[in-house]
Amino acid sequence: MNQQQNFTFINQIWDESITQTLMEYIKIPNKSPQFDRDWRAHGYMDQAVNLIVDWCKANAIPNMKLDVVQLENRTPVIFIDIPGNNNDTLLLYGHLDKQPEMSGWDADLHPFKPVLRGDRLYGRGSADDGYAVFASLTAIKSLHEQKIPHARCVILIEACEESGSFDLPFYIEALQERIGKPSLVICLDSGCGNYEQLWITTSLRGLAGGVLTIDVLKQGVHSGSGSGIVPSCFRILRQLLNRIESEKTGDVLLENLLVEIPQERLQQAEQAAEVLGKSIFEDLPFVPGIQPESTSLSELILRRTWKPALSLIGCDGVPAIENAGNVTLPSLSVKLSMRLPPLCDAEKAAAALKKILEKDPPYHAAVNFETNEAASGWNAPAEHRWLAESAHRASNHYFGKEAVYMGEGGSIPFMGMLGKKFPEAQFLITGLLGPGSNAHGPNEFLHLPTAKKLTACVAHVIADHFKRND
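The structure contained in this document is the topic of the report that follows. This is a predicted model, so every value here is computed, not measured.

Side note on the sheet that holds strand 5 (residues 120–122)
Inference 1: What the three strands build is an open sheet, ordered 4-5-18; its pairing is antiparallel. Either end of the sheet is taken by a strand with one partner, and the two such strands are strand 4 (115–117) and strand 18 (445–447). Averaged over all neighbouring strand pairs, the angle between strand axes comes to 20°, with direction disregarded.
Inference 2: Pairing analysis gives three bridges linking strand 4 to strand 5, with the strands arranged antiparallel. Within strand 5, the residue paired with Arg-117 across the bridge is Arg-120.

Side note on the packing of aromatic side chains
Inference 1: Evaluation of the coordinates by the stated rule reveals five aromatic pairs.
Inference 2: Their ring planes at 55° and their centres at 5.4 Å tell us that Tyr-122 and Phe-445 sit as a pair that is tilted. Taken together, the residues span a long stretch of sequence, with Tyr-122 in strand 5 and Phe-445 in strand 18 at a distance of 323 residues.
Inference 3: Using a relative accessible area of 7% as the deciding quantity, one classes Tyr-122 as buried.
Inference 4: The class of Phe-445 is buried, set by a relative accessible area of 1%.
Inference 5: An aromatic cluster is built from Tyr-122, Tyr-195 and Phe-445, whose rings are joined through pairwise contacts.
Inference 6: For Lys-98, the ring lying beneath its charged end belongs to Tyr-25, and the centroid distance is 4.3 Å.
Inference 7: For the cation-ring pair, Arg-117 lies above Tyr-122, with the distance from its terminal atom to the ring centre recorded as 5.1 Å.

Focus: the pairing of strand 2 (residues 77–82)
Inference 1: The element strand 2 is largely enclosed, with a buried count of six among its six residues.
Inference 2: Here strand 2 shows a buried face lined by Val-77, Phe-79 and Asp-81 and a second buried face lined by Ile-78, Ile-80 and Ile-82.
Inference 3: Bridge count for strand 1 (residues 65–69) against strand 2 is five bridges, and the pairing is antiparallel. Across the sheet, Val-69 pairs through a bridge with Val-77, a residue of strand 2.
Inference 4: Note: strand 2 against strand 6 (residues 152–158), five bridges, orientation antiparallel. Note that in strand 6 the partner of Phe-79 across the bridge is Leu-156.

Reading the values: the criteria
- Residues numbered from 1 in each chain as written.
- Predicted model: local features only at pLDDT ≥ 70, side-chain atom pairs only at ≥ 80, totals over all residues.
- Heavy atoms only, no water.
- Pairing = 2+ DSSP bridges.
- Helix = DSSP H or I, 4+ residues; strand = E, 2+ residues; numbered from the N terminus.
- Axes fitted to C-alpha atoms, helices over the stretch in contact; angles between N-to-C directions.
- Phe/Tyr/Trp six-rings, centres within 6.5 Å; stacked < 30°, edge-to-face > 60°.
- Buried < 20%, exposed > 50% of the residue type's maximum accessible area, 1.4 Å probe, protein only.
- Lys NZ or Arg CZ within 6 Å of the ring centre and 35° of its normal.

Now the structure itself:
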């Protein structure tokens, strides 16, 4: 491969086509079904699919086949099949659905109004991960420009990832013959520790989430009458959360949610900590004076990637401050999100959470924990030599530094599904969710120079995959 030609071609496609199309994509509020129950009626998902399909057809590779597949009562998937030069198959994955708006965007930014500011493209879904289909097809197209052989490539873009990919198992079953048996899976929905080299994800945490509801009264009463007699919903909540998490350290206490961390992952955390230094926490938007949960950099990486962590992400039953009268609240509902270690069984974890939260409630309050999400994590299989060497060469070619391996704290349910279905496949999981990119939060952005380099790296690995010698 002529690396300079590869990079020049990819830069041109990004500058002349992809960036502008991504800006149109950002404008579409195609929120994942969990956040838009009327997504069918609103039609935004269809708009996003049509935009992507039109671009792919305009940039089609000879003999490429593109289908929009939609099972009954399911979100659609885009399925692209590109013939190869041998009988092998390579699967590239991404998603097109988005997280909700989230508050806190800068005054001159908006989740659904694209803003190009220097090297950054701001807007919801830009980095998570609307770019994936464009980067995947462009990487393959670059190989065709140089007449470089590659395996058959299948690009699968789903529309339910941000809701836990609950539709995806049905598509994996329905499309299993068309997908075939991939020997390499490339996923562009992950993160990067910095924008200076290729980052390869070695593991992903799982997730167990649900709504915890506490009822103490049939209706609110004057706090002058109720307080001191009626047990506070918040006091009960504190006691229940103390059953699963240490209030002093944040350590999760349930043995069912803990795993033994593989030695290789411990070593990779040490190496990543050496590369990143204090940027591991300094790149986060802490308020002044706040300290991270540990002074050990490698421990912070492990706490984010291989240890369970509890977050309270939503609350009902509490009036806004401007409407808060002196009332003893009758009930409280909080949405809990428990990130799980990659090797933890999510269904068992969710069952353990429900059991301990509902057992013997304080004051005999009415307590219910309704699980609404349970997805196990993923730990990458042992990497073949050819893939490790290819990743380092690609990173050195296009970034000027070697690739770095690190686990990620988020979830990509599809990886766990594929890992079980294709246990012999190799995985290249990477992405653009780097420092400050803030997927799921306000001011999400895509770092364009890294997107271009990452696309070039993907083309490089696809070419090496074809000529590998397992």
